[in-house]
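Notes for the structure review
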Amino acid sequence: MTDLPRASRSAAKHTGLILLGLVMLYPVIWMVVSSLRPNNEIFRSPGLVPDSVQLSNYGDGWTALASPFGHYLVNSAIVVLGCVIGNLVSCSMAAYAFARLDFTGRKLFFATMLGTIMLPIHVIIVPQYILFSELDWINTFLPLIVPKLLATDAFFVFLMVQFIRGLPRELDEAARIDGAGHPRIFLRVILPLMVPALATTTIFTFIWTWNDFFSQLIYLTDPEMYTVPVALRSFVDSTVATSWGAMFAMSVVSLLPIFLAFLVGQRYLVKGIATTGIK
Amino acid sequence: MNAPAQLRRKRDNKAAFLFLLPWFAGLTLVTAGPVVASLVLGFTDYNLIQAPEFNGLENVRRMLSDERLHQALRVTFSYVCVSVPLQLAAALGLAMLLDRGLRGLAFYRSAFYLPSLLGSSVAIAVLWRQVFGAEGLLNQVLGLFGVEGRGWISDPRTALSTLIVLNVWTFGAPMVIFLAGLRQIPVMYYEAAAVDGASRWTQFRRITVPLLSPIIFFNLVLQIIHAFQAFTQAFVVSGGTGGPSDSTLFYTLYLYQRGFNNFDMGYASALAWLLLLIIAAFTALNFWVAKRWVFYDD
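Residues numbered from 1 in each chain as written. Chains lettered and ligands numbered in written order. Predicted model: local features only at pLDDT ≥ 70, side-chain atom pairs only at ≥ 80, totals over all residues. Heavy atoms only, no water.

Secondary structure summary: chain A contains 14 helices and zero strands in total. Listed by position from the N terminus, the elements making up chain A come as α-α-α-α-α-α-α-α-α-α-α-α-α-α. Relative to the globule expectation of 19 Å for 279 residues, the C-alpha radius of gyration of chain A, 24 Å, shows a markedly less compact shape. Overall, chain A is about 75 × 70 × 30 Å in size when its C-alpha atoms are taken along their principal axes. Within chain A, the fraction of its 279 residues that count as buried is 53%. Taking all contacts inside chain A whose residues are at least 6 apart in sequence as the whole, residues at least 24 apart take part in 69%. A total of about 12200 Å² of accessible surface is found on chain A, and carbon and sulfur atoms cover 68% of it. (Helix = DSSP H or I, 4+ residues; strand = E, 2+ residues; numbered from the N terminus. Rg over C-alpha atoms; globule rule 2.2 N^0.38 Å. Buried < 20%, exposed > 50% of the residue type's maximum accessible area, 1.4 Å probe, protein only. Contact = heavy atoms within 4.5 Å. Areas by Shrake-Rupley, 256 points an atom, 1.4 Å probe, with all protein chains shown as cover.)

Now for empty space enclosed by the protein. Enumeration over the complete set of coordinates arrives at four cavities of 30 Å³ or more. Estimates place the volume of the second largest cavity at around 60 Å³. A:W210, A:N211, A:V228, A:P229, A:L232, A:S254, A:L255, B:S121, B:V122 and B:A123 together form the lining of the second largest cavity. Of all the secondary-structure elements, those providing two or more residues to the lining of the second largest cavity are α11 (195-211), α13 (228-238) and α14 (244-276) of chain A together with α5 (122-131) of chain B. If you tally residues by element for the lining of the second largest cavity, the top one is α13(A), at three residues. Class assignment of the residues belonging to the lining of the second largest cavity gives a composition of seven nonpolar, three polar and no charged. (1 Å grid on protein atoms, 1.4 Å probe; cavity = no way out; pocket = protein on both sides within 12 Å on 5 of 7 lines; lining within 4 Å. Points joined across faces, edges and corners; volume = space filled by probe spheres on them. Nonpolar A, V, L, I, M, F, W, Y, C, P; charged D, E, K, R; others polar.)

All names here are of chain A. Considered domain by domain, chain A is made up of domain 1 (3-58) and domain 2 (61-276). Computed from C-alpha atoms alone, the centre-to-centre distance between domain 1 and domain 2 is 33 Å. Contact with domain 1, which involves ten residues of that partner, is made by 14 residues of domain 2. In terms of surface lost to domain 2, no three residues of domain 1 exceed M31, N57 and Y58, which account for 55% of the buried area on that side. At the boundary of domain 1 and domain 2, one finds zero salt bridges. Applying the counting criterion to the domain 1 and domain 2 interface returns four residue pairs in polar contact (both at pLDDT 80 or more). Listed by contribution, the elements that provide at least two residues to the side of domain 1 that touches domain 2 are α1 (3-34), α2 (39-42) and α3 (56-62). Broken down by element, the side of domain 1 that touches domain 2 gets its largest block of residues, four residues, from α1. (Domains from an automatic or database assignment. Buried area = accessible area lost by both parts, 1.4 Å probe. Salt bridge = Lys/Arg side-chain N within 4 Å of Asp/Glu carboxyl O. Polar contact = N/O pair within 3.5 Å; in protein donor to acceptor, adjacent residues only side chain to side chain.)

Let us now look at the interface of chain B and chain A. It is common to give the size of an interface as the accessible area lost on bringing the parts into contact. The interface is formed by 89 residues belonging to chain B together with 85 residues belonging to chain A. When residues of chain B are sorted by the area they lose upon contact with chain A, B:F19, B:W23 and B:V30 head the list and together hold 10% of the total. Put simply, chain B and chain A have zero salt bridges between them. For the pair chain B and chain A, the interface holds 13 residue pairs in polar contact (both at pLDDT 80 or more). Ranked by residue count, the leading element in the side of chain B that touches chain A is helix α1 (residues 2-41) of chain B, at 23 residues. Here the side of chain B that touches chain A is built from residues that sort into 61 nonpolar, 19 polar and nine charged.

This paragraph deals with the side chain of A:N87. Residue position: A:N87 is located in helix α4 (residues 69-100). On the accessibility criterion, A:N87 (0% relative accessible area) is buried.

A few words on the domain arrangement of chain B. All names here are of chain B. According to the domain assignment, chain B consists of domain 1 (2-41) and domain 2 (66-293). On a C-alpha basis, the centroid separation for the pair domain 1 and domain 2 is 36 Å. If you look at the interface, domain 1 gives four residues, while domain 2 gives four residues. Carbon and sulfur atoms make up 67% of the area that domain 1 and domain 2 hide from each other, which totals about 380 Å². Of all residues in domain 1, the largest losses of buried area upon contact with domain 2 belong to S38, L39 and L41, amounting jointly to 80% of the total for that side. One can count zero salt bridges joining domain 1 with domain 2. At the boundary of domain 1 and domain 2, one finds one residue pair in polar contact (both at pLDDT 80 or more). Counted by class, the side of domain 1 that touches domain 2 contains three nonpolar, one polar and no charged residues.

Okay, here's the thing in structure tokens:
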């Protein structure tokens, strides 16, 4: 008797959830479909079944700006790669010190590090910009990458500290008895064990850097140096609502890496957010 | 006893210094250093070309009479105060629907989480511009039902709402945090309450909310700070202007315009510090109010 209402309630729930999911993702799916439509169809086809499929939007979009879109993809890839390496190296080093070393002022420094997690980039951008322009780094990737080499993404330092604290200290002690110093313990014992934390860091750094617009907009003003978000934005401004198809096509291209990262790294993403609350 | 301990501490200090060297450099040059520098520059007039010139409280005086700043504050406060509660309500509601043992949980979680990853991209902002445009997707769909739409983005009365919708759309990240929190609540509490005849609503109010309150609080603090920093979407949707009629002029967008369109660096630094103070005040207020409603089990 009680099974029937439960079954129908569960069916209703699943229907509701699927409907909601569809409504949420509908605009994105529609954008993908529309990128395959002729321009004049985009503004009168709210549906998902295209009358005709054509790839010309992709060709048009690819060559619509000063450089082929591939150029901006490469620029973004360079920035992302630099930021990922920077975060992995610098944050893991800082995390090892905070989690395992006993030094003067540790509590104070740790609190300072936590304090910088919530520091909005907007508050520091002006002096940062002045510094980097004094160094003649505007329109290079250095202002985007060098801060990551200096462990300024405190989120990841914190994530890694938490992870290292969960590793048994006996392992360090054993290595120490064998005569290993801290660099050796860090490289040979701790780093291999913290691969999950490194993976979480990699995937979040990848997605955030790929999406980052504010600092790339400020530091990259030469079209040669544009990354994908900045290029896409200049596309929007240069074409006054005439070539939505091409714009959608390049938007889809720019979202593809994020989507792939999401598919590959889901496990680490979910774990990462659940343990640290990052977005 | 004392000597070896001191010896070890000394050794660690040296190693710690080496391991923290990049972080120290980052702190001085990229994070804490610029915070202090911003404070100093906030009391100057500086255009990047001529040396900064102290002008006392001139920037503060300017803030008091700066109509666009007041508009930016209004826009930002409305955005934060409307979009964050809606976003968290959606996140909590969905997290509770996706409860233990639901078939396809991992799939649903991924589907609802995906917009959080996409939401801050320029590509989605481009999409939003189309969807909420006068001839956009939304109006096409409304047209199917015979409802006449409007230019949601070109109308100053609705432009901000489209950005609020966008923020609510990214409820997946707090939802995942809620899901993890809900797992920590023992099922037997609900079973015991059900035996005592407590309704679903009572169970929600008396069990879920108090036991989840630290997580709700955490999400609230985080999302408020996050919402204050919204920039990309308003910038792309309004073409960098904050329009129409400054209706999407987020604080960060105004700061960007002063600093990087006008190179009014002194005033921009003062604006940056005001933002820092506002966020700090909101966070402190949150912590203060939390004493009244956040429940810690231990």
